[in-house]
Each structure stands twice: as structure tokens, then as C-alpha cells.
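Structural features, examined
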Amino acid sequence: MDPRVQQFMAMIKAKNPGENEFHQAVQEVAESLIPFIEDNPKYKHAKILERIAEPERTIIFRVPWLDDKGEIQINRGFRIEMNSAIGPYKGGLRFHPTVNMGILKFLAFEQVFKNSLTTLPMGGGKGGSDFDPKGKSDNEVMRFCQSFMTELFRHIGADTDVPAGDIGVGGREIGFLFGQYKRLKNEFTGVLTGKGIEWGGSLIRPEATGYGATYFAQEMLSTRGESLKGKTVCISGSGNVAQYAIEKVTDMGGKAVTSSDSDGFIYDPKGIDKDKLAFIMELKNVKRGRIKEYAEKYGVEYFEAKRPWGIKCDVAMPNATQNEINGDEAKTLVKNGCICVSEGANMPSTPEAVEVFINAAILFGPGKAANAGGVATSGLEMTQNSMRLPWSRTEVDEKLHTIMKNIHSTCVKYGTKENGFINYIDGANIGGFVKVANAMIAQGVV
Ligand code: NDP
Ligand code: 2IT
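Residues numbered from 1 in each chain as written. Chains lettered and ligands numbered in written order. Predicted model: local features only at pLDDT ≥ 70, side-chain atom pairs only at ≥ 80, totals over all residues. Heavy atoms only, no water.

1. Some points on the sheet that holds strand E9 (residues 264-267)
Strand order in the open sheet formed by 3 strands is E8-E9-E10, and the pairing between neighbours is antiparallel. Every interior strand has two partners, whereas the edge strands, strand E8 (258-261) and strand E10 (301-304), have only one. For this sheet, the mean inter-axis angle between neighbouring strands, taken without regard to orientation, is 20 degrees. In terms of strand pairing, E9 meets E10 through 4 bridges, oriented antiparallel. Residue Tyr 267 lies in a different strand from E10, and its bridge partner there is Glu 301. (Pairing = 2+ DSSP bridges. Helix = DSSP H or I, 4+ residues; strand = E, 2+ residues; numbered from the N terminus. Axes fitted to C-alpha atoms, helices over the stretch in contact; angles between N-to-C directions.)

Have a look at this one:
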């Protein structure tokens, strides 16, 4: 490891003990940025890297609520307000039992670069709770969301901090959170994105992350004269991002053959077509069941407690969670002929997996570029809320598509090496950094 990166990481680890995912995310960025900063000393003198890795504010709070039996439950709520140099804090809320400070800080850190790449005026933030929505009734989820917002409302606002969804937070949760915010503040504002279409939401926001990651895959493939047409695509996850990635891959002529949840994955060699996707959507969004039921319904194979990376594919789209592709799985993907990885999830590839992809010189689109379509469309929702005018489906989708192409161009601009290889990690990290860093310098030591 570059000794300058090593020294920087020793400081980060000492300051943030035990926050492994945060260390991992910062190290990846430091490896891209430290050489760049050496060549651009103004960023070094202003200590931008040291400042950008320190949240502007972290908020931790108690979330008490009553379950259906009348018993008191206590969860922990968080909001990390990471960086506001180029706009209000912006980023999702995650409800999952694994949520802790290290995970949310990694997500908030990534969000700063991602939001900058979208070209829209959004700073970075992330929040959530160790609350587990699985197995909870709608009423329990509502009481939890109301209690969570009863504290969070004093820290957020349409011009301050604008949360949205992430794992475990979809349309249902955003509705309950928005209702409580409105009640507490007596204000109908764009304080959350991912709202329902009848009450301030944007068309295409539900689709945006999956569509965007697929558009990004197509852009990467086009640099090698390829396209998604006729490609076999391995997808993990069966939630929001995975569902709309499956839809868009199919629309663009590819064949999505896998889908998973935390219990296992299904392999459908004929491809998950529109009808089968409708089944997954009903299963996951309404019945809140398990992906195993797909195998039972369509008579395909189900692999208990396994991830889909052993299935032969041309393109892989990890759309579930962090560190879901390890080094060995990456080797298997490459060995089986995978030429492109587009990360719909945040940091789904471990550092070992990333090394395998880069050494094999395949097309590797890191999450902060590939999945930026979700937050970009949140930015478009904020614009529509400010104007109090909604845009059509086509208008939003065209804007999303243009943004994804521009992010790809930014990665090419900052990530192309002397031999012509595009390192999208360097491209996204440096491309996302410059605007935030310049804004921080302009705004003084704050
Ligand atoms: P959902 O909650 O809708 O779906 C999450 C999916 O991932 C489910 O299939 C879930 O399975 C699976 N999953 C979650 N945790 C794990 C785990 N520890 N191990 C294995 N599988 C797991 O979330 P999203 O689709 O919104 O988010 C997926 C990823 O995309 C996350 O990394 C998120 O940060 C990222 N992302 C989301 C955006 C958005 O707009 N929603 C935007 C950009 C990135 P199960 O049901 O069993 O838990
Ligand atoms: O990781 C992400 O970019 C998201 N979960 C979406 C954030 C947002 O504000 O739309």
C-alpha cells in the first residue's frame, strides 16, 4: 500500500475505531485521491481529505414504540449529516437489524461523492435504524416511523436535510414518515423524496436506481462496442433496485436469470420475463414473502443460503447489500466470462473482489457512479417540489438517462489510464471530489 494512504488510514482507524465498513469506503477513495491531491496541492493545504472524512454532524436518538401486543420496544435512530458544501444533506434511510454507526458513515461518505457526480445541488447524508421491518404489521411499522420522525423532524427540512429510502424503507415507510413530519411542522414541503405520486412524489423515482444502473452498464459496454442485447445478466436482491434492474435489462434485450434475498437465490435459465417480474413485485412489495416461492411457482432451482455469482453470465448486477461479492466469487465471475459489473447496491464488492475485476480489466462500475440514478431522481423530485409542478414520465426518464450518460463521461474523463483502460473507481472518486473540494475551499474553514 502507498505509505501516504497507510498513514492516512492509520489516522482514520484511530479516530473511528471498529467502524470497518467506513474504513473500507474511505480507503478506496483515499487510494484514488491521494495521488491526485499530490498533483493539486491546494486540496492538500486546505486539508480537504481530512475534513471530508469527518461528518459535519452525527445524531443518535432513542426510538421507543409499542408493538401489537402493547409491549414497549426500543430501537436506535441515526442521521449522519456528512457534507453540505454543495447543497442540503441528501441520502436515504436504512431500516435493518445490522444498522450501526460504521455502516451509516460508509453510506453517508459514499453519498457525498455520488451526489456530486449527479451534477445536482445535493450534499451527502444517510440515516436509519436497527429496526427490522420483517415480520412487523403495517401498524407496527407506522408506530415505529412516527416515533422515529418525532425526533428526526427537528434536524431535517427541505433546505437542510432531505432523507429518502434505502434497504427496508420504501413507499410505505416514506408515507408514514412524511405524514408525521407534516403533522409536527404543519408544513407540506419536499422534506423527503420517494413520496407517493399523489402527494408530491416524482414519476420514475421508484424505478430510478435499477434503471440508472442498467443505463450505466449499457454505457460501459458501449466503450467496447458491446450492448446489453443478448447478454445474460446475474442479479442479486429482489427489492426496489433489483426489481427495476430486471425490468430494464429485459427491455434492453438482455436476460436476467437470477434474483435473491437474504435466504438464497433462484436461477431461471429462461429469464425473468415481465409476468414473472410482476410475481416478484407482488411477492416482495405486497405479500412480503421470500424469493423461494418463485422457485415453487415456476419450477426452477432454488439455492438455499447461496449467492448467485456461481451462475455463468456476461454481466453482473449486485443489487442487495455491501460486501456481497468476495474475492473468490469475483474470480468465478471472471472465469465464467463476465465482462461487466454494474453495482446497483452500495459497496457490494469487497476490496479483494474489486482487485480481481481491475486486474482482469473488465468493465467495473462502482456503486457511487452506477447507482446514482436513484438519488439523481430524488434531486429531480426536489426540483419539481420547489416549482410545484410535476414532470411527465418521459421527461423524468430522459433526464435520468442523460444524467447517467454524463456520470459515465465524468468517469471516463478522470479515470482513463495511459493504456486506455477506464478505471471507473478513480473516475468516480476524483470526478465526485473536485466540485465538493472547490466548494469547501471557497466557503473557508467551516
Ligand atoms: P430493499 O429493501 O428494497 O431490498 C433489499 C434486497 O437486498 C432484498 O432482496 C433483501 O433481502 C436483500 N438484502 C438486504 N440485506 C441483505 C443481506 N445482509 N444479505 C443478503 N441480502 C440482503 O432495498 P433496495 O433495493 O432499496 O436497496 C438495495 C441496495 O441498493 C442497497 O445496497 C442500497 O443501499 C442500494 N441503493 C438503493 C437505492 C434506492 O433508491 N433504493 C439507491 C442507491 C443504492 P431480504 O428481504 O431477505 O432482506
Ligand atoms: O444510496 C442511495 O443513493 C439511496 N439510497 C437513495 C438516496 C436518495 O436520497 O434518494
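On we go from here.
2. Things to note about the layout of surface pockets
There is about 540 Å³ of room inside the second largest pocket. Around the second largest pocket sit 25 residues that line it, and Glu 28, Glu 31, Pro 351, Val 354 and Ile 425 are the ones nearest its centre. If you list the elements that add at least two residues to the lining of the second largest pocket, you get helix H2 (20-39), helix H13 (351-359), helix H14 (367-370) and helix H17 (424-442). Among the elements that take part in the lining of the second largest pocket, H2 stands out by supplying 7 residues, more than any other. (1 Å grid on protein atoms, 1.4 Å probe; cavity = no way out; pocket = protein on both sides within 12 Å on 5 of 7 lines; lining within 4 Å. Points joined across faces, edges and corners; volume = space filled by probe spheres on them.)

3. Quick word on the environment of Met 11
Position of Met 11 among the secondary structure elements: in helix H1 (residues 3-15). For Met 11, a relative accessible area of 28% gives the class partly exposed. Separated by 300 residues in sequence, Met 11 and Ile 311 place their C-alpha atoms 41 Å apart. (Buried < 20%, exposed > 50% of the residue type's maximum accessible area, 1.4 Å probe, protein only.)

4. Focus: the environment of Ala 361
Take Ala 361: it is sitting in the loop between H13 and strand E13 (363-365). Put simply, Ala 361 and Val 334 are 27 residues apart on the chain and 9.9 Å apart in space, counted from C-alpha to C-alpha. Those residues in contact with Ala 361 that sit more than four places away from it in its chain are Arg 224 and Phe 421. (Contact = heavy atoms within 4.5 Å.)

5. Focus on the sheet that holds strand E5 (residues 161-164)
Strand order across the open sheet formed by 5 strands is E1-E2-E4-E3-E5, with mixed pairing between neighbours. The two strands at the open ends of the sheet, each matched to only one other strand, are strand E1 (57-66) and E5. Strand-to-strand twist in this sheet, taken as the mean axis angle between neighbours without regard to direction, amounts to 20 degrees. Relative to strand E4 (residues 124-129), strand E2 (residues 72-83) runs antiparallel, the two being bridged by 6 bridges. Looking across to E4, one finds that Glu 81 is bridged to Gly 125. Helix-sheet contacts for helix H6 (residues 138-152) involve E1, E2, strand E3 (89-95), E4 and E5, and the interaxial angle to E1 is about 140 degrees.

6. Remarks on the site of ligand 1
Within the structure, ligand 1 sits among 25 residues, and Asp 166, Thr 209, Ser 262, Arg 290 and Asn 346 are positioned closest to it. Within the contact set of ligand 1, an oxygen atom lies 2.5 Å away from a side-chain nitrogen or oxygen of Ser 262. In the environment of ligand 1, an oxygen atom lies 2.6 Å from a nitrogen or oxygen atom belonging to the side chain of Arg 290. Relative to its unbound accessible surface of 890 Å², ligand 1 loses 83% to contact with the protein. Listing elements by their share of the shell around ligand 1, those giving two or more residues are helix H8 (205-222), helix H9 (240-251) and E8. (Near = heavy atom within 4 Å. Polar contact = N/O pair within 3.5 Å; in protein donor to acceptor, adjacent residues only side chain to side chain. Areas by Shrake-Rupley, 256 points an atom, 1.4 Å probe, with all protein chains shown as cover.)

7. What about unusual backbone geometry?
The backbone of Lys 47 shows a phi angle near 50 degrees, a positive value even though the residue is not glycine. Here the phi dihedral of Met 347 falls at roughly 50 degrees; this positive angle occurs in a residue that is not glycine. Checked against the element boundaries, Met 347 lands in the loop between strand E12 (340-342) and H13. The buried category is assigned to Met 347, whose relative accessible area is 6%.

8. Structural notes on the pattern of salt bridges
Under the defined criterion, the tally for this structure stands at 26 salt bridges. Between Glu 81 and Arg 57 there is a salt bridge whose closest N-O contact spans 2.6 Å. Separated by 24 residues along the polypeptide, Glu 81 in strand E2 and Arg 57 in strand E1 bring together distant segments of the chain. The salt bridge partner of Glu 226 is Lys 231, with a shortest N-O separation of 2.8 Å. Here the residues in one salt-bridge network are Asp 2, Arg 4, Glu 38 and Lys 44, joined through shared partners. (Salt bridge = Lys/Arg side-chain N within 4 Å of Asp/Glu carboxyl O.)

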